[in-house]
Amino acid sequence: MWTPWLNSPRRHRNSLPSSPSSPSHSRTLPVNFSCSSFKDIQSLIQEKPEPTLPKSPSLFRRVLISTTFLRALGAASRTTVTPSSKVTLPPGLENRVVIYYTSLRVVRRTFDDCRAVRAILRCFHVAVDERDVSIDDNFREELNGILNRKSVTLPRVFIGGVYIGGVDDVKQLHENGELNSLIERLPKSNQNGCCDCCGGFRFVVCDECNGSHKVFTEKNVFKSCLSCNANGLIRCPACFFILPRNTR
């Protein structure tokens, strides 16, 4: 008896499984296999070439190189610190350590630099002439005249009549041990700590005008006191017994 479903090619192929050893089972798909539903598979499995580097460096790389170069240049300049030539200082300061600084905290970095340099110089126990430009404006004018500049950043240090420089120069000389060789020949200080007279401020109230900067004359008029600065202060006599009272 003839059965139509057995003689159907389509039914026969689907109903009879192929043997594992048959050639059709070990046949692999060709490399150029393509199908409408998997049309992107071939493009995904293909190896893509390595991206080539741009001819010109990126902006980040250029900034990194320039920053590294500037740091190296700054380090090289700091390692070659040498004292400058002699300058013209006020009389009596040729054989002393002189520092021009400020005690105001308006600019935090400047205040910290001044405090750091003062601490370094005080470690050597030598007579340091500390000239605070925030208390006496004449010191700032004096410093500008010495360096022949209109505006000078603080602090500024002079040792034995030789201009040393600012905070970076002093720190570099201190780390190299050269600062000790410059200071050791100077006279030692007789102060064994904070001054009992001024408390370390280096200034006291003028005893002639009592801090008013005005004195009463015999002609019943007031005139400016010649012994103190505009703030009515004079240099501490215990700290600067060698220097005259008039700081102008």
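Up top is the structure these notes are about.
Description of a nonpolar patch on the surface
Alright, step 1. A cluster of nonpolar residues, Leu-104, Val-106 and Val-107, forms a patch on the protein surface that exposes about 300 Å² of accessible area.
Alright, step 2. The topology assignment puts Val-106 in the loop between β1 (97–101) and α6 (108–122).

Here we look at the environment of His-125
Alright, step 1. Position of His-125 relative to the elements: it lies in the loop between α6 and β2 (128–132).
Alright, step 2. By relative accessible area, His-125 is classed as exposed at 53%.
Alright, step 3. Between the C-alpha atoms of His-125 and Ile-183, which are 58 residues apart in sequence, the distance is 9.6 Å.
Alright, step 4. Among all residues touching His-125, those that are not within four sequence positions of it are Lys-188 and Ser-189.

Topic: unusual backbone geometry
Alright, step 1. The amide bond that connects Leu-154 to the next residue, Pro-155, takes the cis arrangement and shows omega of 0°.
Alright, step 2. Locating Pro-155 in the fold gives a position in the loop between α7 (137–147) and β3 (156–159).
Alright, step 3. In the Ramachandran plot, Asn-148 falls in the positive-phi region, its phi being about 60° despite a non-glycine side chain.
Alright, step 4. With respect to the helices, strands and loops of the structure, Asn-148 is situated in the loop between α7 and β3.
Alright, step 5. With relative accessibility at 71%, the residue Asn-148 sits in the exposed group.

Describing the packing of aromatic side chains
Alright, step 1. Within the structure shown, the criterion is met by 4 aromatic pairs.
Alright, step 2. Ring geometry for Tyr-100 versus Phe-158: centroids 5.9 Å apart, planes at 80°, classification edge-to-face. Placement of the pair is Tyr-100 in strand β1 and Phe-158 in strand β3, with a sequence separation of 58 residues.
Alright, step 3. Here Tyr-100 falls in the buried class, since its relative accessible area comes to 0%.
Alright, step 4. Here a set of aromatic residues connected by ring pairs shows up, and it is made of Tyr-100, Phe-158 and Tyr-163.

What counts and what doesn't
Residues numbered from 1 in each chain as written. Predicted model: local features only at pLDDT ≥ 70, side-chain atom pairs only at ≥ 80, totals over all residues. Heavy atoms only, no water. Patch = residues over 30% accessible without salt bridge, like charges linked within 9 Å, V, L, I, M, F, W, Y side chains within 5 Å. Areas by Shrake-Rupley, 256 points an atom, 1.4 Å probe, with all protein chains shown as cover. Salt bridge = Lys/Arg side-chain N within 4 Å of Asp/Glu carboxyl O. Helix = DSSP H or I, 4+ residues; strand = E, 2+ residues; numbered from the N terminus. Buried < 20%, exposed > 50% of the residue type's maximum accessible area, 1.4 Å probe, protein only. Contact = heavy atoms within 4.5 Å. Phe/Tyr/Trp six-rings, centres within 6.5 Å; stacked < 30°, edge-to-face > 60°.

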